[in-house]
Amino acid sequence: MDTPRIARLDSRAVIAVTGPDARSFLNGLLSQEIETLARGELRFAGLLSPQGRLLYDLFVAGVEDGVLLDVAAEHRDAILMRLTMYKLRAKVELAASDMPVSALFGFDPRDIDGFVADPRLPELGWRAYGDELEADAAEDDYDAHRLALGVPGPADWGTDKTYPIEANFDLLSGIDFKKGCFVGQETTSRMKRRGTIKNRMLPIAFDGPAPAFGTEVLAGELRAGEVLSGRDGRAMALLRLDRIEGAALTADGRPVRVETPVWASA
């Protein structure tokens, strides 16, 4: 992109986690290593069910007095409840924060305090917390930018429906397979170790408006997946990898083609 853009992400909200056990507490729960999180660093993670399904995505930001969790605003109360359930005797304080979340894309503000690099892909830009930035783009513009890069979002994986590897968390720095135990680790590690990754979220392209969420993607007469969130000309889809290679795909009676991003094809 040639034009710097700043968008306030009203769909996101912040939870402040403080106290001497803040990092160790989160490290035992999340799919990402948190103990080594430095001040000014951002990591991407998932909070999983004990069965290994993805409940919520989180960006974890290291700050001077603890950690900030950047979460989906609609799920913040549920995440607070779940973290409180796990808290037990840990010396941790959990509190909702009213600080705004902003996304910055199309330029590199590495020399300006308060900006942290999005850990998923460099092209996704940077995020900022708490600064009243003057937005010159809508959140929808940022979502279009994310979709153009083929990166799925919360609308695609829902809650307790998808395994994090199916949502490409392993390709987007959302899982540390070398860390110690976390909730849902056994299933996640087994899928990676055994290579039993049958489905992945990939972008599809087509002419016209996006098919409705849940529309079947067909390879001939065989089900090859389903359409997730999208917009005119492009959408995410959860696809069976064994049925899309070289196949003529359709959705809602229209031809669609898979456009696997470079970052997902390594």
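Conventions adopted
- Residues numbered from 1 in each chain as written.
- Predicted model: local features only at pLDDT ≥ 70, side-chain atom pairs only at ≥ 80, totals over all residues.
- Heavy atoms only, no water.
- Helix = DSSP H or I, 4+ residues; strand = E, 2+ residues; numbered from the N terminus.
- Expected span 1.5 Å × (residues − 1).
- Buried < 20%, exposed > 50% of the residue type's maximum accessible area, 1.4 Å probe, protein only.
- Arc of directions from axis to C-beta.
- Core = buried A, V, L, I, M, F, W, Y, C linked by side-chain atoms within 4.5 Å.
- Pairing = 2+ DSSP bridges.
- Axes fitted to C-alpha atoms, helices over the stretch in contact; angles between N-to-C directions.

Before going further, it helps to examine helix H2 (residues 76–87). Over its 12 residues, H2 runs 16 Å from end to end, which matches the ideal 16 Å to within 8%, given 1.5 Å per residue. Among the residues of H2, those classed as buried are Arg-76, Ile-79, Leu-80 and Leu-83. Taken end-on, H2 shows its buried residues confined to a sector of 100°, consistent with a single buried face. Turned more than 90 degrees off the buried face of H2, the exposed positions are Asp-77, Met-81 and Met-85.

Moving on, we come to helix H5 (residues 185–194). Restricting attention to buried positions, one finds in H5 the residues Gln-185, Thr-187, Thr-188, Ser-189 and Met-191. Immediately beyond the C-terminal end of H5, within one or two residues, lies Gly-195, with a positive phi of roughly 70°.

Our focus in this paragraph is the nonpolar core. If you look at the biggest cluster of nonpolar residues, it comprises 49 residues, and the most contacted ones within it are Tyr-129 and Val-217. With five residues, strand S13 (residues 234–240) is the largest single contributor of residues to this core. Counting residues in hydrophobic clusters, the runner-up holds 24 residues, among them Ala-22, Leu-26, Leu-37 and Val-67.

Another aspect to go through is the sheet that holds strand S8 (residues 115–117). The strand order across the open sheet built from four strands is S1-S7-S9-S8, with neighbouring strands paired in antiparallel fashion. Each edge of the open sheet carries a strand with a single partner, namely strand S1 (5–8) and S8. Across the sheet, the axes of successive neighbouring strands diverge by a mean angle of 30°, strand direction being ignored. By the bridge criterion, three bridges tie S8 to strand S9 (residues 126–129) in an arrangement that is antiparallel. Each bridged residue has a counterpart across the sheet, and for Ala-117 the counterpart in S9 is Trp-126.

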